[in-house]
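Inside the fold
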Amino acid sequence: MLPRSANLIITEHQFHCERRNMSAEGGDEETAKLKKRLDSSKINLFGKKLRPSDLPLLTQRLRDASRPVKSLTLCFSASSAEAALPALVSGENNKNSALTYIDLAGNFLQDEPIGDLLRACPALAVLSLYWNRIDDAALIKMTPALAEHPCLQKLYLQQNKLTDACTEALAGALSRNRVLQTLNISDNKIGPLGAKALARADKIPLKNLFLARNDIGDEGAAALAASAGRWELEAVDVSDNRIERQGGLALLAFFDHAPLRPLTLDVSSNRLYDDFVDGLCEKDLLLLFPMTLQMNDVDLTGKGMARMARWLAEKDPPLKMLDLQNNARDIQGEEARVSRENFFSYSQRRGNAVKLYLPINLRKRPKVYSSDEEEEVEKKNIVSRESSSNLQLVVYF
């Protein structure tokens, strides 16, 4: 009879052998699952880091012209993306003519042939390259293919390493391209010079421009606003760009040249102060078309907040959404009361047609008491107001 220690040794040995067998079987199972995924015309390998032994399956599938791929998602799967790119760009006779959507986000791509990818996929409508390491040189190499692409409508380049150095080439490509409608270059290092270069682009079909979290400042904001007459933008995001009073007032030019359709303007996290509200309330175009205004954390004071609330209550603009959060943190007294009443009045009239996001200290909904409750209400120091011919007492709790 073997000692107890020997039994333990044998048991551990058997355990590790069984574990290796299970791993091998699991590997076969993973390969089978991968083949099933690759059999679809819409391949989604989000976050899937393929084993080296499985990478040939991906490349063979992409080279299979008899089963065209329409959509390819390889987010956060660097090895898969590195294997897929050569397979996509090395074909002949436009074998990727059916591919309309490619998402390569989060793969640390830098020197890969993105321009060749565009040429090899003539039907591509959406290309997502955000959260990579694409720098100015890589983007400049890509711009000739971008300028000539016949179908690309959306290009996402946020969170890369782009600076002012690439904007001249990008603006040139935009001037020649006649189909691109959405460009997202947020979270890069584009400054005033880059914004000015983009603004010099000729009349282009671009509808949505996202420049959030760059550093364009007042000069860049003024340059972009000056292009409003040539462009027909429907959405502009310049949030968190160190824009101050003068730049904010310049951005109001977008409302002078807005298309006859809803316009979205995001100026959040800039130092615009009450001047922006004063200028905004003078724009008659806001009274004609449903607009979306995002003004989160723009340093409005209590006076500016009250001004905005009065304008909403009096003019009743058909806004789709208004975000005023993180402003007027110290509003109190009469300004707070008037602002609450006017915001509530506007939201009651508009109902579900508008989404209104207010600072925390202005979100309390007023409660209306009947005349029968007047005595008890007065004991609780409730503020009263007159509505029509009847006296109604309003409390904020």
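The structure displayed is predicted, hence computed values, not measured ones.

Basis of the calculations
- Per chain, residue numbering runs from 1 following the sequence as it is written.
- Confidence filtering applies because this is a predicted model: local features only for residues at pLDDT of at least 70, side-chain atom pairs given and counted only at 80 or more, and all residues used for totals across whole chains, interfaces and linings.
- Side-chain numbers come from the whole structure's heavy atoms, not from hydrogens or water.
- Each helix corresponds to a stretch of at least 4 residues labelled H or I by DSSP, and each strand to a stretch of at least 2 residues labelled E; elements are numbered beginning at the N terminus.
- Buried residues are those whose accessible area, probed at 1.4 Å on protein chains only, stays under 20% of the maximum for their type, while exposed residues exceed 50% and partly exposed ones sit between those limits.
- Any two residues whose heavy atoms approach within 4.5 Å are treated as being in contact.
- Areas reported here follow the Shrake-Rupley algorithm with a probe of radius 1.4 Å; residue values treat only the protein chains shown as occluding.
- We define the nonpolar core as a collection of buried residues of types Ala, Val, Leu, Ile, Met, Phe, Trp, Tyr and Cys that are connected through side-chain atoms lying within 4.5 Å of one another.
- To be clear, the arc concerns the directions from the helix axis to the C-beta atoms.
- All axes here are fitted lines through C-alpha atoms, helices being fitted over the stretch that makes contact, and every angle between N-to-C directions spans 0 to 180 degrees.
- What sets the label is the angle itself: under 35 degrees gives roughly parallel, over 145 gives roughly antiparallel, 65 to 115 gives roughly perpendicular, and the rest give oblique.
- Left-handed describes a crossing whose near helix is turned anticlockwise from the far helix by less than a right angle; the clockwise case is right-handed.
- Three classes are used: nonpolar for Ala, Val, Leu, Ile, Met, Phe, Trp, Tyr, Cys and Pro, charged for Asp, Glu, Lys and Arg, and polar for all others, with Gly counted as polar.
- The span expected for a helix works out to 1.5 Å for each residue beyond the first.
- In what follows, salt bridge is the name for a side-chain nitrogen of Lys or Arg lying within 4 Å of a carboxyl oxygen of Asp or Glu.
- For two strands to be treated as a pair, DSSP must find at least two bridges joining them.
- Here a polar contact means two N or O atoms within 3.5 Å. Within protein one must be a hydrogen donor candidate and the other an acceptor candidate, and residues neighboring in sequence count only if both atoms are side-chain atoms.
- Here pLDDT means the predictor's own confidence in every residue, given as a number from 0 to 100.

Turning our attention to the overall build of the protein. The secondary structure content of the protein amounts to 13 helices and 15 strands. Here the protein, with 397 residues, has 48% of them falling under the buried criterion. For the protein, contacts bridging at least 24 residues in sequence account for 80% of all contacts bridging at least 6. On the protein, roughly 20,200 Å² of surface is accessible, and the fraction owed to carbon and sulfur atoms is 48%.

Counting 104 residues, the largest nonpolar core has L127 and M295 as its most contacted members. Filtering out sequence-adjacent residues up to four positions away, L127 remains in contact with I102, I114, L117, L118, M142, L152, K154, L155 and Y156.

Where helix 2 (residues 55-62) is concerned, the buried positions are L55, L58, T59, R61 and L62. What you see down the axis of helix 2 is that its buried residues fit within an arc of 160°, all on one side.

Contact pair helix 2 / helix 3 (residues 78-89): the axes reach a minimum separation of 9 Å and the direction vectors enclose 30°. Taken together, helix 2 and helix 3 sit at an angle that is classed as roughly parallel. As helix 2 packs across helix 3, the resulting crossing turns out to be right-handed. Seen from helix 2, the contacting residues are L55, L58, T59 and L62; seen from helix 3, they are S79, S80, A83, A84, A87 and L88. Looking at side-chain class alone, the contact of helix 2 with helix 3 contains 7 nonpolar, 3 polar and no charged residues.

This part covers helix 3. A turn of α-helix holds 3.6 residues, and therefore any two residues three or four places apart point the same way. Here helix 3 contains 12 residues, and its C-alpha end-to-end distance of 17 Å stays within 8% of the 16 Å for a straight helix at 1.5 Å per residue. Buried-residue contacts for helix 3 involve helix 2, strand 2 (71-73), strand 3 (101-103) and helix 4 (114-120).

Moving on: the packing of helix 6 (residues 167-176) against helix 7 (residues 192-199). Their axes nearest at 8 Å, the elements helix 6 and helix 7 cross at an angle of 20°. The orientation of helix 6 with respect to helix 7, classified from their angle, is roughly parallel. Our pair here, helix 6 against helix 7, has a crossing hand that is right-handed. On helix 7, the residues that touch T167, E168, L170, A171 and L174 of helix 6 are L193, G194, A197 and L198. By residue class, the composition of the contact of helix 6 with helix 7 is 6 nonpolar, 2 polar and 1 charged.

You will see that D297, though not glycine, has its phi angle at about 60°, which is positive. Take D297: it is sitting in the loop between strand 10 (292-294) and helix 11 (302-315). Despite not being glycine, D299 has its phi angle at roughly 65°, a positive value. Tracing the chain through its elements places D299 in the loop between strand 10 and helix 11. Judged by relative accessible area, which is 25%, D299 ranks as partly exposed.

Attention now goes to the pattern of salt bridges. In the structure shown here, the tally under the stated rule is 23 salt bridges. The partner of R51 in a salt bridge is D54, and the shortest N-O contact between them spans 2.9 Å. A relative accessible area of 6% places D54 in the buried class. Where salt bridges share partners, they join R271, D297, D299 and R329 into one cluster.

Another aspect to go through is the sheet that holds strand 12 (residues 355-357). Here 12 strands make up an open sheet; going across it, the order is 1-2-3-4-5-6-7-8-9-10-11-12 and the pairing parallel. Strand pairing shows two members of the sheet lacking a second neighbour, strand 1 (42-44) and strand 12, which therefore form its edges. Adjacent strand axes in the sheet meet at a mean angle of 5° when their direction is disregarded. One ladder, built from 3 bridges, connects strand 2 with strand 3; its direction is parallel. Bridge pairing in strand 3 places S71 opposite Y101.

It is worth spelling out the side chain of H149 at this point. Turning to its location among the elements, H149 is positioned in the loop between helix 5 (136-148) and strand 5 (154-156). At 2.9 Å, the side chain of H149 and the backbone oxygen of C121 are in polar contact. Each residue touching H149, except ones within four places of it in the same chain, is listed here: L118, C121, P122, L124, N177 and V179.

Residues of the protein with pLDDT of at least 70 account for 82%, and the chain-wide mean is 83. With pLDDT under 50 throughout, residues 377-397 is counted as low confidence; its partners more than four residues away or in other chains account for 38 contacts.

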